[in-house]
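Take a look at the letters that make up each chain.
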Amino acid sequence: MQAAFSDAYTRIKKATGYAGQAELAQGIGIPQAVISDSRRRGEVRPEILLALLEQFNLDPQWVRTGEGDRHFIVSTDKVASLYGMKIYSPVERIGGNNE
């Protein structure tokens, strides 16, 4: 797990431009103890992932694993697929009376 945090922390620093724990903590508005605890546990805590998503639009999966898109991309099709739905484009009325 330590390697997983170390890799994630490297990605975080590169993506945010922050050099160390204190600067990162201050920059994303969380206590430095949260980052220290994450390092000790070997995993990125949810508070960090949420702050990075909100402030830098970093995809939590990318932060943790390095896989997927760096930035969180939301499209109506992506959201719809999460709920097992399909988005259809509106069809214009042809030859109808637009009253």
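Residues numbered from 1 in each chain as written. Predicted model: local features only at pLDDT ≥ 70, side-chain atom pairs only at ≥ 80, totals over all residues. Heavy atoms only, no water.

**What to know about the overall build of the protein**
When you go through the protein residue by residue, the secondary structure sums to six helices and zero strands. For the protein, contacts bridging at least 24 residues in sequence account for 42% of all contacts bridging at least 6. When the accessible surface of the protein is totalled, it reaches about 7000 Å², and 53% of it is carbon and sulfur. (Helix = DSSP H or I, 4+ residues; strand = E, 2+ residues; numbered from the N terminus. Contact = heavy atoms within 4.5 Å. Areas by Shrake-Rupley, 256 points an atom, 1.4 Å probe, with all protein chains shown as cover.)

**Topic: helix H3 (residues 32-41)**
Within H3 the residues assigned to the buried category are Val34, Ile35, Asp37 and Ser38. For H3, the buried positions fall inside an angular range of 160 degrees around the axis, keeping them on one side. Set apart from the buried face of H3 by more than 90 degrees, the exposed residues are Ala33 and Arg40. Phi turns positive one or two residues past the end of H3, at Gly42, with a value near 80 degrees. (Buried < 20%, exposed > 50% of the residue type's maximum accessible area, 1.4 Å probe, protein only. Arc of directions from axis to C-beta.)

**Topic: the packing of aromatic side chains**
Applying the stated rule across the entire model yields two aromatic pairs. Both rings, one in Phe5 and one in Tyr9, keep their centres 5.6 Å apart while their planes meet at 15 degrees; by these two values the pair is stacked. Of the two residues, Phe5 and Tyr9 are both situated in helix H1 (residues 2-16); the distance of four residues between them amounts to about one turn of the helix. Each member of the pair, Phe5 as well as Tyr9, carries the same accessibility label: buried. (Phe/Tyr/Trp six-rings, centres within 6.5 Å; stacked < 30°, edge-to-face > 60°.)

**Some thoughts on helix H2 (residues 21-28)**
Among the residues of H2, Gln21, Leu24, Ala25 and Ile28 are the ones counted as buried. With its buried residues spanning 100 degrees around the axis, H2 presents them on a single face. At the C-terminal side of H2, Gly29 shows a positive phi close to 75 degrees.

**A look at the pattern of salt bridges**
On inspection of all chains with the given rule, the structure shows four salt bridges. Salt-bridge contacts for Asp37 lead to Arg45; the nearest nitrogen and oxygen are separated by 2.7 Å. Given the relative accessible area of 22%, Arg45 is considered partly exposed. With its nearest N and O atoms 2.4 Å apart, the salt bridge here joins Glu47 to Arg45. Take Glu47: its relative accessible area is 34%, and that puts it in the partly exposed class. (Salt bridge = Lys/Arg side-chain N within 4 Å of Asp/Glu carboxyl O.)

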